[in-house]
Structures are given as C-alpha cells and as structure tokens.
Amino acid sequence: MKYVIIGNGVAGIHAAEAIRHLDAEGRLTLIGDETFPPYCRPMISMVLEGATPPERLPIRSTDFYRRLGITPILGRRVSGIDVEARVVRLPGLEDGIPFDRLLIASGADPRPITADGLHLAHIFYMRTERHIREMLDAIPTVKTALVLGGGLVGFKAAYGLLRRGIRVTQLIRSAYPLSMQVDRTAGEMILNELVRKGLDVRVGLSAAAFHGNGRVEGARLSDGSEIACDMVVIGKGVLPALSFVPRDRIDVDLGVLVNAHMETSVPGIYAAGDAAEFVDIARKTRWVNAIWPEAAAQGRAAGMNMAGRPVALKGSLSRNVIRIFDMDVMTGGWVDPPESAGFEILSRHDRRRKTYRKLVLDGRRLVGMAMVNDIAQGGLLISLIQNEVPLRISGNALLSSGFNYRQLLN
Ligand SMILES: Cc1cc2nc3c(=O)[nH]c(=O)nc-3n(C[C@H](O)[C@H](O)[C@H](O)COP(=O)(O)OP(=O)(O)OC[C@H]3O[C@@H](n4cnc5c(N)ncnc54)[C@H](O)[C@@H]3O)c2cc1C
C-alpha cells in the first residue's frame, strides 16, 4: 500500500503515526513545505509573549521520520493532485508521487489583506515558526505595534506584545475581541482587562496603507487618520491552504468536505485538520473548526481509516481555554447562537467578582458554554456537549461550578 500525506503539521503527523501503528509495511511518504521539526503552532504565541523559549516548539524529535519508516519530502510545496492517475504533483518531479491512499492535511494560511506598502520590513503574519523567529528578531527595536484583527491570532499577538512591554494598538471589526469564540459579555470583560493593561483598541477601522523607509514606521487607517508603529501583525483569520486541490474533482466549500471517516468525495482521498470541513456537533452543520485538538483527532482517525481500520468520528467541536493576564476564559460549542435558533440561554454574571458563566441549551442537550474566571468543571461541560449527553439535572444547577456530577452521569 502506498500512503501519501500532504502536510507535516499536527494532523499529518498523527495520521502518519496511526498508519504506521496499523501497517508496518506500507510505503509512507509525508510532504511538507516547512523544514523545522513538527511543532506546536499554538505555542508560537507563548514564544511571542516570552513565556516559552523557541526551543520548546517541537513536538517530535528530529529522527521522528526515520524511526517510523516515513520518507519525508520537506521544504517542497505540492502543486497538484491528479485524481485519475492517483499521483501527487511536485514542481520539478515529472512523474509525481503515486498513492493508493492520500491525506490532505495542508492546514491553513493567514487570510491576506490588501493595503499599500505591505512589502515593508516588520510587517508580519503569525502562523509559522519562521514568522515567530522573524518577530523575535524585530522585537528589541520595537516600541509601538499595530495589530490588525481581533480573532484568535490577532488577539494573541496583541496580548503577547503587550506582555513584552510594547505599546499596542489593535484594530478590530466587531465591538470586542474573540467574537467568534465568546459572546458580548465575555468579550467586553476581556476587552476591559486588556485596556486596563494599556491596550489601545480601535473599533470598525482597517489599515489602508503602510509607510516607512525600508521598514514600517506608520499606517494610514480607513478613516484617513495616521498612526505611528514600528511593527505590524496581521491577524485577520485563516483560510484552508488548498491551492493544489482540483475543485472540479474533489468537493470543496471553505475546506475540503469530509464524511465521518474523514474521506473526501473521492474514495481513497482523505482530509483532516484546518484544511477539512466536517459537521459541527453543536451547530449540526458543516464547519471548519480550525483548532489543535480537532486537527490531532481528525488526523488520527484519517490515518486509521487509510490503513484499513474503520473509525467514524461524530463531528467536530470548537473549544478553547485562554489565559489573559489573571483572567481565565473557557469556551466550547456554539457560544453565541442567534435568537432564531430557539435555544435556551442561561447565564450568571457577577460584576463584583468579575466572573461569568453562560450555558446554551437545546432542550436537554447542552450545545454551548462560555466561562470567565469560573472555569471549574468546564472540561466536563465540554464533554457533555461533545458526546451529546442528555442532561439529568437542570441547566440552572449546571451554572454553579459546584454541581453534582455524580447525579449528572448516573
Ligand atoms: C498563533 C496561533 C495560535 C493558535 N492558538 C491555538 C489555540 O490556543 N488553541 C487551538 O486549539 N488552536 C490554536 N491554533 C490553531 C492550531 O495551531 C491549528 O488548528 C493546527 O495547527 C492545525 O493543524 P493542521 O495539521 O491542520 O495544519 P498546520 O499546522 O497548518 O500544518 C499544515 C502543514 O502543511 C504545510 N503545507 C501547506 N500547504 C502545503 C503544500 N502545498 N505542500 C506542502 N506542504 C504544505 C504547511 O506549511 C504546514 O506545515 C493557533 C494557531 C496559531 C497560528
């Protein structure tokens, strides 16, 4: 059996390990355009804030490929897939790489922006080990930074730079950061905490142009105002990295569409991680949940199916735990559904203690939750959402972190 995996991120390496676990003989090729050993992308933001040294990024040792009998092709970008000939195309390799089973685990790329002056030095995206290395080189000379975007990456960039003592201005479209992860109440609590620590937030603005002499010195914003900055981080979300996928042959929406076995519309071709679009357990609709634990779980499941052990996943679920200065935030599932979804919303907000707990219920089923500074038993709530466990105690009882979980699971 010839297995080929495109992508040496967490989804790709978990797939490779699952395949090797089940099939010691098959030929296994892993193609990735990064050459650094497999690493933990979420830790990039911890390196930025100075909480972790860059040497801690790798999650597998350098002899990982040799130990598992994998042929790595690193530092090369796949340019296409010939579905009929069952071959992966690489520039300069005429015959391509043949496969019986293929996994698309190419992750995501930062969503690009359009603005004048993007070529200037010290304007960064924050996705890869190379990006963080370049940012670390720049930081000693940086006093003021501009961060574009209030999603997970924009937020983590702003937080990390603030922790480095840099003056940060953040431009966000919604009224508060992390609007895809949290609701208005939690978002405003986070925003207040960041502002208290010195963050300057400007809402509803974007950057139209950057200027400087070789490296960035300032930006013109969409309202015509000017802002000085000696570093810019663009964190406007990500898009599945699928330039090489033939969309006339493999079904793609935002990500590559997969079924419960992580198989695409073409038998024998699979997808996993940030590149894949799967059913979301809370929303009951197709969704790209671009998070680390999903990429690992989907990669593992894809690998098992590729090696002939049928495994079905129920769906994917968004979830996150974030520490912001002294504030703990935990979210899971569908945190902020529209009223038209008809869900019951229960919440408890203690302004004095700065705690917040919110639950979203679809009948007896928990479909979403957000917690600030009161995250006890949050992991259990996430597993209730993930496993669609019918609640045996009232939603109101669950609002208190001291709920009796024996009653819940009896
Ligand atoms: C700064 C930051 C903070 C994050 N924080 C969190 C967090 O707190 N919690 C959380 O759950 N998730 C977080 N994430 C998201 C998480 O890192 C991703 O969901 C996860 O890494 C996805 O894994 P993947 O294997 O699908 O893709 P990736 O890790 O992106 O790996 C894909 C690999 O494929 C390679 N590739 C792409 N195209 C090609 C091609 N044509 N040819 C060859 N190789 C190719 C890429 O270069 C890359 O090496 C964060 C991400 C970032 C960037």
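Residues numbered from 1 in each chain as written. Predicted model: local features only at pLDDT ≥ 70, side-chain atom pairs only at ≥ 80, totals over all residues. Heavy atoms only, no water.

1. Things to note about the overall build of the protein
Working step 1: Along its length, the protein carries 10 helices and 26 strands.
Working step 2: Scaling as 2.2 N^0.38, a compact globule of 410 residues should have a C-alpha radius of gyration of about 22 Å, and the protein matches this with 22 Å.
Working step 3: Considering the protein as a whole, with its 410 residues, one finds that 52% of them fall into the buried category.
Working step 4: Contacts in the protein between residues far apart in sequence, at least 24 positions, make up 61% of those at least 6 positions apart.
Working step 5: Just so you have it, the protein exposes about 18300 Å², and 48% of that area is on carbon and sulfur atoms.
Working step 6: Of note, the protein has its 51 positive side-chain charges centred 5 Å away from the centre of its 43 negative side-chain charges. (Helix = DSSP H or I, 4+ residues; strand = E, 2+ residues; numbered from the N terminus. Rg over C-alpha atoms; globule rule 2.2 N^0.38 Å. Buried < 20%, exposed > 50% of the residue type's maximum accessible area, 1.4 Å probe, protein only. Contact = heavy atoms within 4.5 Å. Areas by Shrake-Rupley, 256 points an atom, 1.4 Å probe, with all protein chains shown as cover. Lys, Arg positive; Asp, Glu negative; His and termini not counted. Charge placed at Lys NZ, Arg CZ, Asp CG, Glu CD.)

2. Considering the site of the ligand
Working step 1: Close to the ligand lie 31 residues; Asp33, Glu34, Arg41, Arg127 and Lys156 are nearest.
Working step 2: At 2.4 Å, a side-chain N or O of Asp33 approaches an oxygen atom of the ligand.
Working step 3: Contact between the ligand and Ile291: an oxygen atom at 3.3 Å from a main-chain N or O atom of the residue.
Working step 4: Protein coverage of the free-state accessible area of the ligand, which is 1000 Å², stands at 95%.
Working step 5: Of all the secondary-structure elements, those providing two or more residues to the shell around the ligand are α1 (10–22), α5 (152–163) and α7 (292–306).
Working step 6: Tallied by class, the residues present in the shell around the ligand amount to 15 nonpolar, 8 polar and 8 charged.
Working step 7: Here the shell around the ligand spans two domains, since at least three of its residues come from each of domain 1 (2–109 + 238–307) and domain 2 (112–234). (Near = heavy atom within 4 Å. Polar contact = N/O pair within 3.5 Å; in protein donor to acceptor, adjacent residues only side chain to side chain. Nonpolar A, V, L, I, M, F, W, Y, C, P; charged D, E, K, R; others polar. Domains from an automatic or database assignment.)

3. Here's the deal with the UniProt feature "domain: FAD/NAD(P)-binding" (unreviewed entry) in the protein
Working step 1: The positions that UniProt labels "domain: FAD/NAD(P)-binding" (unreviewed entry) are, in the present scheme, residues 1–286.
Working step 2: Between the first and last C-alpha atoms of residues 1–286 the distance is 31 Å; the span itself is 21% helix and 31% strand. (UniProt positions renumbered as here; feature names shortened; annotations may be inferred.)

4. Concerning the sheet that holds strand β20 (residues 276–280)
Working step 1: The strand order β18-β20-β21 describes an open sheet built from 3 strands, whose pairing is mixed. Among the strands making up the open sheet, the edge pair consists of β18 (256–257) and β21 (285–287).
Working step 2: Judged from the 3 bridges that link them, β20 and β21 form a sheet pairing that is antiparallel. Paired with Asp280 across the strands is Thr285, a residue of β21. (Pairing = 2+ DSSP bridges.)

5. Examining α7
Working step 1: Relative to the 21 Å expected for 15 residues at 1.5 Å per residue, α7 spans 21 Å between its end C-alpha atoms, a close match to the ideal helical length.
Working step 2: Residues of α7 that are buried: Glu294, Ala295, Ala296, Gln298, Gly299, Ala301, Ala302, Gly303, Asn305 and Met306.
Working step 3: In this structure, the buried residues of α7 make contact with β1 (2–6), α1, β7 (101–104), β19 (269–271), β20 and β22 (319–324).
Working step 4: Looking at the residues trailing α7, positive phi occurs at Gly308, about 95°. (Expected span 1.5 Å × (residues − 1).)

6. Some remarks on the environment of Val252
Working step 1: With respect to the secondary-structure elements, Val252 resides in the loop between β17 (238–240) and β18.
Working step 2: When the C-alpha positions of Val252 and Leu242 are compared, they lie 9.0 Å apart, and in sequence the two are 10 residues distant.
Working step 3: Every residue in contact with Val252, bar those within four places of it in the chain, is listed here: Leu242, Val245, Arg247 and Leu257.

7. Section: the packing of aromatic side chains
Working step 1: All told, the structure shown has 5 aromatic pairs when counted by the stated rule.
Working step 2: Considering the side-chain rings of Phe155 and Tyr159, the 6.3 Å spacing of their centres and the 10° angle between planes classify their relative orientation as stacked. Of this pair, Phe155 and Tyr159 both sit in helix α5, separated by 4 residues, roughly a single helical turn. Taken individually, Phe155 and Tyr159 each receive the classification buried, so the pair is uniform in this respect.
Working step 3: Taking 5.5 Å as the distance between ring centres and 80° as the angle between the ring planes, the aromatic pair formed by Trp334 and Phe343 counts as edge-to-face.
Working step 4: Judged by relative accessible area, Trp334 falls into the buried class, the value being 17%. (Phe/Tyr/Trp six-rings, centres within 6.5 Å; stacked < 30°, edge-to-face > 60°.)

8. Considerations on the pairing of strand β2 (residues 27–32)
Working step 1: In terms of residue burial, β2 counts as a mostly covered element, since 5 of its 6 residues are buried.
Working step 2: Taken together, the 5 bridges between β1 and β2 define a ladder with parallel strand orientation. What sits directly across from Tyr3, in β2, is Leu28.
Working step 3: Crossover β1 to β2 through α1 is right-handed.
Working step 4: Note: β2 against strand β3 (residues 70–74), 5 bridges, orientation parallel. Bridging from a neighbouring strand, Leu28 pairs with Ile70 of β3. (Right-handed = clockwise from strand over helix to strand, strands pointing away.)

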